[in-house]
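Listed below, chain by chain, are the residues.
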Amino acid sequence: MKKLALLLGSLLVVGTAVQAKEAVVAPVEVAKEVVVVAEPVVEEVVVLTPEFRPTGYVGLEYRAYGNTEGHGDKKASNDTWNKGYNNYSRLQTTFGVAATENFSLEGRIRDYNDLERNDDRYVNSKQGTETRLRAYYKHNDLFTSRVEYKDTTSDAQSFEYQARLNVYKNEGALLSKVVFAPKFKHTMDSENGGAYKNTVGADIEYAGNLPLGFTWDGTIYLNQNFYGEEFYTNADLTNNKDKAFEPEVELYLYRTFGLYANEKTTIDFNFEGGYDPYTFAQYDKYSEKNVKTEKTDYSLYALLTLDAEYKVTESFALNGGVGAEYRNWDNTAQSEASDWRWQPVAYAGMKVTF
């Protein structure tokens, strides 16, 4: 019995040891936090350049000018004041079109007509048509070519080319723009004969802003003129010349006083004035003995108008107004510029943009 018990005990110990050796410890699972990093989404912005579309405008204006102060007054010492420019009308047509991104065209046609004729002494004689056409080609932001054609009421014609350089721009400044434009111009009279003039030089255009809401602009014309016919520089009709340096200066001031405005209607009081122009010729000129055109003269004016505009649609507007212009109409020579006089004016017009 003891041997049997010892054998069974030995087997039990061996079996337990075998079971212990075969036991596998289950791994302990540790929960891990999964972090998802979102990749930034980059949106590609496509800038669409608007397709070019031709734009333009057409304007029509009728102006009527009355008698200049003192004109026709037989008791006055100068009863023919501003002769040739009284009681006449002007029908003006303007248009412009930007045909391509680089090419544009603009024009102005003025048709003058007398409003009355009394006798030969008071005939107003402001009649005929003036035409001005300009074509622009923009080579780049700095350089633009301009070709101009003019036809006056006397049928004199001119052709001009300008190489326009935008040399300065600062919007809102005292001096906001300067354009320097070398030029060549050919002018001929109605007979297209020897009375022609060739001009070589440059124009300097400028504009800017002044205190109290005023703006200003103008042009300096540097003209070296070559004449097809000689002119006289002495009273005895001697010392003939066929060329001269004859610069001109234009300087204008503007101010608009808004009186009333709503979505469709505006009423303004406008002022403009200045030198129109001031000339500085190299020589005095004589057309006959002791009949002299002084080398330096100027025309100084002030124009006051009450103007109203009514916008019928976004692209169609009507306007009209009344006013008067104060100017040294007849005596423009610098040595004797005097006797400023008023001339009334009334106008009405329309403008269409597209």
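These figures come from a predicted structure and were not determined experimentally.

Q: Got a minute to help me understand the pairing of strand β13 (residues 285-288) in this structure?
A: Each regular strand displays side chains that alternate between the two surfaces of the sheet. Bridge count for β13 against strand β14 (residues 291-293) is 3 bridges, and the pairing is antiparallel. When the bridges of β14 are listed, Tyr 286 appears paired with Lys 292. Linking β13 to β14, which pair antiparallel, is a turn of 2 residues; within it Asn 290 sits at a positive phi near 60 degrees.

Q: How do you make sense of the side chain of Ser 299 when you look at a structure like this?
A: Here Ser 299 shows up in strand β15 (residues 296-313). In terms of polar contacts, Ser 299 uses its side chain to reach the side chain of Arg 327, at 2.7 Å. For Ser 299, the contacting residues outside a window of four places in its chain are Gly 274, Tyr 275, Asp 276, Pro 277, Arg 327 and Asn 328.

Q: Which parts of the structure should I look at to understand the pattern of salt bridges?
A: When the charged atoms of two side chains lie near each other, side chains of opposite charge can form a pair. Overall, the coordinates contain 14 salt bridges when judged by the stated rule. Across the pair Asp 141 and Lys 138 runs a salt bridge whose closest N-O atoms are separated by 3.3 Å. The exposure class assigned to Asp 141 is exposed, which follows from its relative accessible area of 65%. Between Lys 169 and Glu 171 there is a salt bridge whose closest N-O contact spans 3.7 Å.

Q: Can you walk me through unusual backbone geometry in this structure?
A: Peptide bonds are, in most cases, trans, and in most cases residues other than glycine have a negative phi. Omega for the peptide link from Asp 276 to Pro 277 comes to -5 degrees, which places this bond in the cis form. Examined against the element boundaries, Pro 277 turns out to sit in strand β12 (residues 265-280). At Leu 212, a residue that is not glycine, the phi angle is positive and equals roughly 65 degrees. Looking at the secondary structure, you find Leu 212 in the loop between β8 (196-209) and β9 (215-232). Classification of Leu 212 as exposed rests on a relative accessible area of 70%.

Q: Sorry, what's going on with the pairing of β15 here?
A: Sheet topology note: the β12/β15 ladder contains 14 bridges and is antiparallel. When the sheet's bridge partners are listed, Phe 280 is paired in β15 with Thr 296. Looking at chain direction, β15 and strand β16 (residues 316-327) are connected through 12 bridges and run antiparallel. Looking across to β16, one finds that Leu 303 is bridged to Glu 325. Between β15 and the antiparallel strand that follows it, β16, lie 2 residues.

Q: Is there a simple way to explain the packing of aromatic side chains in this structure?
A: What describes a pair of aromatic rings is the distance from one ring centre to the other and the angle between the planes of the rings. Summed over the entire model, instances satisfying the criterion amount to 15 aromatic pairs. A ring pair is formed by Phe 231 and Tyr 283, whose centres lie 6.3 Å apart and whose planes are at 50 degrees; its orientation type is tilted. With a gap of 52 residues between them, Phe 231 in strand β9 and Tyr 283 in the loop between β12 and β13 connect regions that are remote in the sequence. Pairing Phe 257 with Phe 269 gives two aromatic rings, centres 6.1 Å apart and planes at 40 degrees, and the pair type is tilted. Here Phe 257, found in strand β11 (residues 248-261), pairs with Phe 269, found in strand β12; they are 12 residues apart in sequence, far enough to count as distant. By the ring-pair criterion, three or more aromatic residues cluster together here, those being Tyr 65, Tyr 85, Tyr 88 and Tyr 112. Its guanidinium or amino end placed over the ring of Tyr 112, Lys 126 lies 4.2 Å from that ring's centre, counting from NZ or CZ.

Q: Honestly, the environment of Tyr 85 in this entry has me stumped. Any pointers?
A: In this structure, Tyr 85 sits in the loop between β1 (55-65) and β2 (88-98). Take Tyr 85: its relative accessible area is 38%, and that puts it in the partly exposed class.

Parameters and conventions
- Residues numbered from 1 in each chain as written.
- Predicted model: local features only at pLDDT ≥ 70, side-chain atom pairs only at ≥ 80, totals over all residues.
- Heavy atoms only, no water.
- Pairing = 2+ DSSP bridges.
- Helix = DSSP H or I, 4+ residues; strand = E, 2+ residues; numbered from the N terminus.
- Polar contact = N/O pair within 3.5 Å; in protein donor to acceptor, adjacent residues only side chain to side chain.
- Contact = heavy atoms within 4.5 Å.
- Salt bridge = Lys/Arg side-chain N within 4 Å of Asp/Glu carboxyl O.
- Buried < 20%, exposed > 50% of the residue type's maximum accessible area, 1.4 Å probe, protein only.
- Phe/Tyr/Trp six-rings, centres within 6.5 Å; stacked < 30°, edge-to-face > 60°.
- Lys NZ or Arg CZ within 6 Å of the ring centre and 35° of its normal.

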